[in-house]
Amino acid sequence: MTTILRGNLIHAPALGQLECLPGGYLILEDGVIAALCSRLPEQYQNSPVIDYGDALILQSFADCHLHAPQYPMVGTGMDVTLLDWLQKYAFPTESRFVDGAYARQVYHALARELVDNGTTRVIMFSSLHTDATLILMDELEQAGLWGYVGKVNMDRNGTPQLQETTEESQRETLRWLDACGQFHHIKPILTPRFTPSCTDALMAWLGRTAAERGLYIQSHLSENDREIAWVRELHPDCQRYWESYAKYGLWADHTVMAHCVHSDAQERLAMREANVLCVHCPDSNINVRSGLAPVRTMLNEGNWVALGSDIAGGDHLHMMDVITAAVRTSKLRSLLIDGSEPLTAADGYYLGTTAGHRYFGAGAGFAVGDALHAIVVDDSGIDTMGNMNFTDRLERALYRAKSEQIVAVWAGGKQIK
Ligand code: GUN
Ligand code: FE
């Protein structure tokens, strides 16, 4: 079936590069992009067009790191740094997801808010609870979202309410994986919480399971100074944090590592060599005072970097806010640390869209052959100057648009808002 969307198309085929088609057409065949054009080709003259008028048609967002069971505590618990924050706030909040009815209610609301804000792909942590994780996957799938979700593995350094034995962790992971076949666009990803949360035996088992079943892996890396020192104590044979994952086969193509605030040149090289995705989470890095990540350096060196809200270390679920936070944080880094070139709004838009969608095998920008992931932004309510060019309108939308301005959302070729 042919569907045609018309509006002001703005997409990011490469870092720092925007392509605009004012009054352009997106031609979809069964939800897949068949063509982008400035004028409607002859053969489509009689096809119905969904005309979005003067609105912007943008790429939707990919949130590549967030913790679903921390959603209830968003915007609270900002007074301590990472390791204390985990014990004082994050672990007690996650422990409530032993209750399936509670999980259903929270995850339904989370899925709705993601859609409302134009996030259509996610790479997400659940909690250690198998049943709540399946409820989360079900809610995301029903909302029309696409993504990877991980039941968290943690068999040490948790709390009495939030920790598994090694044997439980393995058994529950297998039970969870067996139940994941029911989902079509939400897939499992193995999720050792971070090195201090997992015994060597569990890490080794997860590495073997990933290899045997062809599963991707997500975790945290070099987020905070105390955390890094702790990993050094736990793994004195490892020169750097990343080696504590590599040692057990958890450092592989498409491994996702959140933060990488303090990753040095060697660790960044190891990411490039393995095709590891680094997820930058600017709000979280400031809220729990982890630091200012060297994003420009990583990009210059050729690292693969995308963005995450890191709810609830991060306080903004709306990826437009995460994008502008990344721009702002890069300026702080430049001012206070290394004079590096700050990110532009176009850079941020690329990191929040194309760089993350690539994890799912998508091409760059609105690529022919990809199922459509797009949002429609009606910026008339925030357009007070008139006569703005399209790159200015994109930048202002990123800084000023709220979910109300996102009047339509397309995911996997289907309209979900
Ligand atoms: N490291 C281990 N667990 C977490 C978490 O829940 N949030 C963040 N930001 N870092 C972590
Ligand atoms: Fe995190």
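Everything below is about the structure shown above.
Residues numbered from 1 in each chain as written. Chains lettered and ligands numbered in written order. Predicted model: local features only at pLDDT ≥ 70, side-chain atom pairs only at ≥ 80, totals over all residues. Heavy atoms only, no water.

**Examining the sheet that holds strand β14 (residues 304–307)**
Thinking step 1. As summarised here, the arrangement of the four strands in space is β11-β12-β13-β14, forming an open sheet in which the pairing is parallel. Every interior strand has two partners, whereas the edge strands, β11 (218–221) and β14, have only one. For this sheet, the mean angle separating the axes of adjacent strands, direction not counted, is 35°.
Thinking step 2. The pairing of β11 with strand β12 (residues 256–259) spans four bridges and is classified as parallel. When the bridges of β12 are listed, Q218 appears paired with V256. (Pairing = 2+ DSSP bridges. Helix = DSSP H or I, 4+ residues; strand = E, 2+ residues; numbered from the N terminus. Axes fitted to C-alpha atoms, helices over the stretch in contact; angles between N-to-C directions.)

**Quick word on the sheet that holds strand β6 (residues 119–125)**
Thinking step 1. Read from one edge to the other, the open sheet built from four strands follows the order β5-β6-β7-β9, with strand pairing classed as parallel. Lying at the two open borders of the sheet, with one neighbouring strand each, are β5 (61–67) and β9 (186–188). The mean angle between the axes of side-by-side strands here comes to 20°, regardless of whether they run parallel or antiparallel.
Thinking step 2. Here β5 pairs with β6 via five bridges, running parallel. Within the sheet, the bridge partner assigned to L66 lies in β6 and is M124.

**A few points about the site of ligand 1**
Thinking step 1. In the vicinity of ligand 1, the contacting residues are H67, Q70, L82, W85, L86, R193, F194, H220, E223, H259, S284 and D310.
Thinking step 2. Interatomic distance of 2.9 Å between a side-chain N/O atom of D310 and a nitrogen atom of ligand 1.
Thinking step 3. Here ligand 1, which alone exposes 280 Å², has 100% of that area covered by the protein.
Thinking step 4. Of the residues assigned to the shell around ligand 1, the class counts are four nonpolar, five polar and three charged. (Near = heavy atom within 4 Å. Polar contact = N/O pair within 3.5 Å; in protein donor to acceptor, adjacent residues only side chain to side chain. Areas by Shrake-Rupley, 256 points an atom, 1.4 Å probe, with all protein chains shown as cover. Nonpolar A, V, L, I, M, F, W, Y, C, P; charged D, E, K, R; others polar.)

**Overview of the pattern of salt bridges**
Thinking step 1. Counted under the stated rule, the structure contains 20 salt bridges.
Thinking step 2. For the salt bridge of D347 with R296, the shortest nitrogen-to-oxygen distance reads 2.7 Å. With D347 in helix α12 (residues 345–352) and R296 in helix α10 (residues 295–301), this residue pair connects regions lying 51 residues apart in the sequence. Residue D347 shares its accessibility class with R296, and that shared class is buried.
Thinking step 3. D338 serves as the salt-bridge partner of R333, at 3.0 Å between the closest nitrogen and oxygen.
Thinking step 4. Overall, the relative accessible area of 15% leaves R333 in the buried class.
Thinking step 5. Given a relative accessible area of 35%, D338 falls into the partly exposed group. (Salt bridge = Lys/Arg side-chain N within 4 Å of Asp/Glu carboxyl O. Buried < 20%, exposed > 50% of the residue type's maximum accessible area, 1.4 Å probe, protein only.)

**Re helix α14 (residues 390–400)**
Thinking step 1. Those residues of α14 that fall on the buried side of the exposure criterion are F390, R393, L394, R396, A397 and L398.
Thinking step 2. Against the buried residues of α14 lie β1 (2–14), β2 (17–29), β4 (49–59), α11 (319–338), α12 and β15 (374–377). (Contact = heavy atoms within 4.5 Å.)

**Some words on the side chain of N117**
Thinking step 1. With respect to the helices, strands and loops of the structure, N117 is situated in the loop between α2 (100–116) and β6.
Thinking step 2. Polar contacts involving the side chain of N117 include one to the main-chain carbonyl oxygen of E113, which spans 2.9 Å.
Thinking step 3. Residue contacts for N117: discarding those within four places in its chain leaves F61, H318, S403 and I406.

**Structural notes on the coordination of the iron ion (ligand 2)**
Put simply, a metal with four donors set out as a tetrahedron has ideal angles of 109.5 degrees, and one with six donors set out as an octahedron has ideal angles of 90 or 180 degrees.
Thinking step 1. Protein-derived coordination of the iron ion (ligand 2) comes from H65 (NE2), H67 (NE2), H220 (NE2) and D310 (OD), at a distance range of 2.0 to 2.5 Å.
Thinking step 2. The sequence pattern formed by the donor residues of the iron ion (ligand 2) is H-x1-H-x152-H-x89-D. With H67 in strand β5 and D310 in the loop between β14 and α11, this pair connects stretches of sequence that are 243 residues apart.
Thinking step 3. A relative accessible area of 4% places H67 in the buried class. (Donors = N, O, S within 2.8 Å, 3.2 Å for Na, K, Ca; no water.)

**Here's the deal with the state of the cysteines**
Chemically, a disulfide is nothing more than a covalent bond linking the sulfur atoms of two cysteines.
Thinking step 1. Following the criterion strictly, the structure yields zero disulfides and no others.
Thinking step 2. For the unlinked cysteine C281, the closest cysteine sulfur is that of C278, found at 8.2 Å. (Disulfide = S-S within 2.5 Å.)

**A closer look at the packing of aromatic side chains**
Thinking step 1. Tallied over the full model, the rule gives 10 aromatic pairs.
Thinking step 2. When the centroid spacing of 5.7 Å and the interplanar angle of 45° are considered together, the rings of Y148 and Y216 count as tilted. With Y148 in strand β7 (residues 146–150) and Y216 in the loop between α5 (200–213) and β11, the pair connects residues that are 68 residues apart, well separated along the chain.
Thinking step 3. You can call Y148 buried: its relative accessible area is 10%.
Thinking step 4. Among the aromatic residues, those joined into a cluster by ring pairs are Y148, Y216, W304, Y359 and F360.
Thinking step 5. The lysine or arginine in question, R96, covers the ring of Y102, its NZ or CZ lying 4.1 Å from the ring centre.
Thinking step 6. Directly above the ring of W304 sits R358, whose terminal nitrogen or CZ lies 4.2 Å from the centroid. (Phe/Tyr/Trp six-rings, centres within 6.5 Å; stacked < 30°, edge-to-face > 60°. Lys NZ or Arg CZ within 6 Å of the ring centre and 35° of its normal.)

**Some details on a nonpolar patch on the surface**
Thinking step 1. Nonpolar side chains collect at one region of the surface, where I286, L332, L335, L336 and I337 lie side by side and expose about 510 Å² of accessible area between them.
Thinking step 2. Looking at the nonpolar patch, the element that brings in the most residues is α11, giving four residues.
Thinking step 3. Structurally, L335 can be placed in helix α11. (Patch = residues over 30% accessible without salt bridge, like charges linked within 9 Å, V, L, I, M, F, W, Y side chains within 5 Å.)

**Some words on unusual backbone geometry**
Thinking step 1. The omega torsion of the bond from I311 to A312 falls at 10°, within 30 degrees of zero and hence cis.
Thinking step 2. Looking at where A312 falls in the secondary structure, it is placed in the loop between β14 and α11.
Thinking step 3. A positive phi angle, close to 50°, is found at D30, a residue other than glycine.
Thinking step 4. Position of D30 among the secondary structure elements: in the loop between β2 and β3 (32–37).
Thinking step 5. What makes D30 exposed here is its relative accessible area of 62%.

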